[in-house]
Amino acid sequence: MDAFSKAVGRALYADDLRLPGMLYGKILRSPHPHARILSLDTRQAESLPGVRAVVTGRGLPVPYGILPVSQDETALAMEKVRYVGEPVAAVAADTEETAGRALQLIRAEYDPLPPVLSLEEAIRGKGEPVHAKGNLHKAVSLKFGDANPPEEPEYTREDAFFYEGNTHLPLEEHSALALWKKGRLVLYSSTQTPFHLRKILAKVFGLPEDAVRVIAPKVGGGFGGKLDPFAHDLCASKLARDAGRPVKITLTREEVFYCHRGRHPAWMNIRTSWKKTGELLEMRFRSCLDGGAYGSFGVVCTYYQGGLQPTTYRIPSYTVESARYFTNKPPCGPKRGHGTPQPRFALEAHLDKVAEELGLGPVELRLKNLAPPDSTTVNRLRVTSSGLRECVEKAAEASGFRDKFRKLPYGRGIGFALGSYLCGAAVPIYWNEDPHSRVRIRLDAKGGITVFSGATDIGQGSDTVVVWAVAEILGVPPEKIRLVAADTDRTPFDLGTYSSRVTYMAGNAAREAAENLLEKVYRRTGGRRMPFEKAARIAVEKEGALESWGSYKPPLKPANFKGSGVGPSPAYSFCACAAQVQCDPRTGRVRVERITFAHDIGRAIHRPSVEGQIEGAVHMALGEAFLEEQTFHPSGLHRGPGILDYKFLSSLEMPEVKLILIESKDPGGPFGAKEVGQGPLLPVIPAVANAIYDALGIRMDKTPFTPENILLALERKSCGRIPRVGPEGFPDIPFPEPTHIPASLPGETVPC
Amino acid sequence: MTKFLLDLKVNGRRRRLRTRPHKTLLEILREDLGLTGTKHGCELGECGACTVLLNGKSVYSCLVLAPQARGGEVLTIEGVPPEHPLIRAFVATGAVQCGYCTPGMILAAKAFLDRNPTQERTSWDREALEAVSGNLCRCTGYAKILEAVRVAAGKKSRRR
């Protein structure tokens, strides 16, 4: 859609914007991971020539958070700081240099406290907790289905895994530009969720929501990292009000690492029971998340730890216990796949071990236990279309999996794994009955078509989907349609770009709006005897401009238990991945030779976009598997807040990806389409781990699979110890008594 | 700090401006000349988003100090004609997602194509990938970027 304007450099991102009289803002950040703020003296900074405004925590005291249950942040730290890099003050000045000098003149005195830097420390709970209520943020315990396994288990296995934290690293650094016009706040921000940001700004500034306008210009990548409201959004707004001039704050790359909200480190334990013939009877999944300093999306992430295992496999009796702890590190939140890549890694690597011990092929074991289409899972998720079986068969066939598995020479191996993801959460962040997406189409006097959509294109191609849907229904070329997007004043409400909801929800709203317009136009021309463009001209001649609306709301009500809001979706995508690797046992280096990927997309609306999403997800997944880790020194300092230290794959390391698209035509999806933005990340990481085992006979039960860890496992193997790298057991966590949700609830109807 | 007179050619047009010597070419382009098509992702020479051509060679403009560009010829994305085969190929193949790496990627690819037209050789793909390996992309997985460079060079599409 906007590829041309991006390719010629005309597309404007937040930092490309400049307004007359604009000031530059900068943020002072905490050097301590955990400390009480004794004093903040900004007088010298304020008197520096060229400084126009300075703000500290007291100037922005209203707490907020992306989730209603986690309103635990303020824009600037108030009484204490909770991670290195936490914002404590902000200045606006005529130039960036002056703003930087002013930061150095702010005198901050701290009383350092012992930091809580690991899950073990958070659980042990010595010293002052991160938050007054203690380090335990959330603990959930749910039991689904049969109280006991339906048959006596013949085989049981338990494994522990650790998934290291990592971050989104969008190439565009976050930027926000604020101005006030007649008491109204206007904020341009590189955000994935303009409407949520508007809500938070209104709350913090005590304004009605319609006194705030948020515009998302082009966004240079998000992956979940631009979902939360951030200090720079609020500080730019506050400084602009105080200075009476527009203020722009653009983060440095280092600061982006402190914003984070990325993948939670997770310590997991999985136990399953089986019949010898390979039927899964029971699963207990436990997970413990290292949440960082604030709530963010953490509660949702905690529930997601157990959420999507049942969309791929039938589990008669299923127990999930998960917890999230606060630590003195940048807050974790939603990254591509939200809280599901960690458990998916554990589950699929565990299944590989089970298959081996039961003497079954990994593909065969999975096929025996697949969740069927048009069914309800044990945790009350309604699965509609599912091309999962086809994904498995096609990926196995195209990769030559059955011919290669356990047959390749030492050092080479192949692994297999599955994945599944939502097409948008059925329950909004703020529970209400309104549609999740609305789209408006205006047909103006000259027959021009303008589509207004609140969805934000962060590079994933949602603009293309919205315009294509309208073009398809109206029968006009997409080039003739103008799109206005992601502006809270001009476009109708949309929840935003997260949980892979845009194609499904905004796509459906666009389709409905176009159908309504079609009907309106042809009603005025007395039937469908002429092409739309001609009919449109006649229709608008009669009565000036015409307008139509469409909306989408998932046709689902969550089941009646606490936590049931996390997981339901109008549809699920499915995928299967085979990874083939070549490992060097002397250096511990792994080269991925080929990824074979089958994805059930429902229907591919725009094939290059679908392929690009999968290739991009595989790329990000391989980064998580081999290179990426957001880790910290014992002092609480980030180990490498820059792209030189935080490495991901360059064009030279990216392997060939063979793609197979399965079109299961979802009955509720726009033209049958489902999501592709997040799901394809999931199976890649365990498929690689399983391939490394096939190649070297070592289990990488901990990410990332670095040469050091591979050599360590090989050394253990050669000493006759267990050939693996990963955690043991599971920490002792005070989980509540599980809430039991039986296989069927009396009087329950699963809505379809 | 004292200013100096910077005289250079940008996109074929002579530009003279008084500026401080510690400014980077990236800052000159974006802030003094308003050419925001050149992006920044780190300002430390790590990501390649700010790639421009300086005297025909691809450089990270964040690592070039203003005096080093003196008398030079700079090509930014604004100076690449919209009908250029690379631009058309990037749009047509789906090599543009968030678009933030795209201008730098196109210029790095242009430097490669300018010195390596279309000779058939087995290492061509590898060389093309090497040419853009200093330009990081977080969205595409690079497959469609290679495809775009191939198409722009008039090579056969390898699309399935």
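Everything discussed here concerns the structure shown above.
Colleague: What is the right way to read the interface of chain B and chain A from this model?
Modeller: Accessible area lost upon the coming together of the parts is a frequently used measure of interface size. Taken together, the 43 residues of chain B in the interface contact 52 residues of chain A. In this assembly, chain B packs against chain A so that about 3900 Å² is buried in total across both faces, 55% of it on carbon and sulfur atoms. Inspection of the region where chain B meets chain A yields six salt bridges. In this structure, B:R30 and A:D16 form a salt bridge, with 2.8 Å as the shortest nitrogen-oxygen distance. The tally of links from chain B across to chain A stands at 25 residue pairs in polar contact (both at pLDDT 80 or more). Of all elements in the fold, only α1 (25–32), α2 (85–93), α3 (102–115), α4 (124–131) and α5 (143–152) of chain B reach the threshold of two or more residues within the side of chain B that touches chain A.

Colleague: How should I be thinking about the pattern of salt bridges in this particular structure?
Modeller: Note that side chains of opposite charge can pair when their charged atoms are close. Residue and element names in this part refer to chain A. Using the criterion set out here, one finds 68 salt bridges over all chains in the structure. Between K226 and E172 there is a salt bridge whose closest N-O contact spans 2.8 Å. With K226 in the loop between β11 (212–215) and α6 (231–243) and E172 in the loop between β8 (155–163) and β9 (175–181), this residue pair connects regions lying 54 residues apart in the sequence. R261 is the salt-bridge partner of D228, the closest N and O atoms lying 3.2 Å from each other. In this pair, D228 sits in the loop between β11 and α6 while R261 sits in the loop between α7 (253–259) and β13 (266–274), placing the two residues 33 residues apart along the sequence. Accessibility assignment for this pair places D228 and R261 in one class, buried.

Colleague: Quick question: what am I supposed to make of the packing of α3(B) against α4(B) here?
Modeller: How two helices pack is summed up by the angle between their axes together with the distance between the axes. Residue and element names in this part refer to chain B. Here α3 crosses α4 at 140°, and the two axes come no closer than 9 Å. One element, α3, and the other, α4, form an angle in the oblique class. Like other packed secondary-structure pairs, α3 and α4 cross with a definite hand, here right-handed. For the pair α3 and α4, contact is made by A108, F112 and L113 and by W124, E127, A128 and A131, respectively. Counted by class, the contact of α3 with α4 contains six nonpolar, no polar and one charged residues.

Colleague: It is not clear to me how the environment of A:P373 should be interpreted in this structure. Could you clarify?
Modeller: All names here are of chain A. One can find P373 in the loop between α11 (362–368) and β16 (375–376). C-alpha separation for the pair P373 and P704, spaced 331 residues apart in sequence, amounts to 34 Å. For P373, the contacting residues outside a window of four places in its chain are V383, T384, S385 and S386.

Colleague: Whenever I open this one, the pairing of strand β24 (residues 589–600) of chain A confuses me. Can you help?
Modeller: Successive residues of a regular strand alternate their side chains across the two faces of the sheet. All names here are of chain A. Here strand β23 (residues 572–584) runs beside β24; their pairing, made up of eleven bridges, is antiparallel. Bridged to Q582 within β24 is R591. Taken together, β23 and the strand that follows it, β24, pair antiparallel across an intervening segment of four residues, in which G588 is found at a positive phi of about 80°. Sheet topology note: the β24/strand β25 (residues 656–662) ladder contains seven bridges and is parallel. Considered in β25, the bridge of I595 is made with V657. Read as a crossover between parallel neighbours, the route from β24 over helix α17 (residues 607–626) to β25 is right-handed.

Reading guide: rules and limits
Residues numbered from 1 in each chain as written. Chains lettered and ligands numbered in written order. Predicted model: local features only at pLDDT ≥ 70, side-chain atom pairs only at ≥ 80, totals over all residues. Heavy atoms only, no water. Contact = heavy atoms within 4.5 Å. Buried area = accessible area lost by both parts, 1.4 Å probe. Salt bridge = Lys/Arg side-chain N within 4 Å of Asp/Glu carboxyl O. Polar contact = N/O pair within 3.5 Å; in protein donor to acceptor, adjacent residues only side chain to side chain. Helix = DSSP H or I, 4+ residues; strand = E, 2+ residues; numbered from the N terminus. Buried < 20%, exposed > 50% of the residue type's maximum accessible area, 1.4 Å probe, protein only. Axes fitted to C-alpha atoms, helices over the stretch in contact; angles between N-to-C directions. Parallel < 35°, antiparallel > 145°, perpendicular 65-115°, else oblique. Left-handed = near helix turned anticlockwise from the far one by under 90°. Nonpolar A, V, L, I, M, F, W, Y, C, P; charged D, E, K, R; others polar. Pairing = 2+ DSSP bridges. Right-handed = clockwise from strand over helix to strand, strands pointing away.

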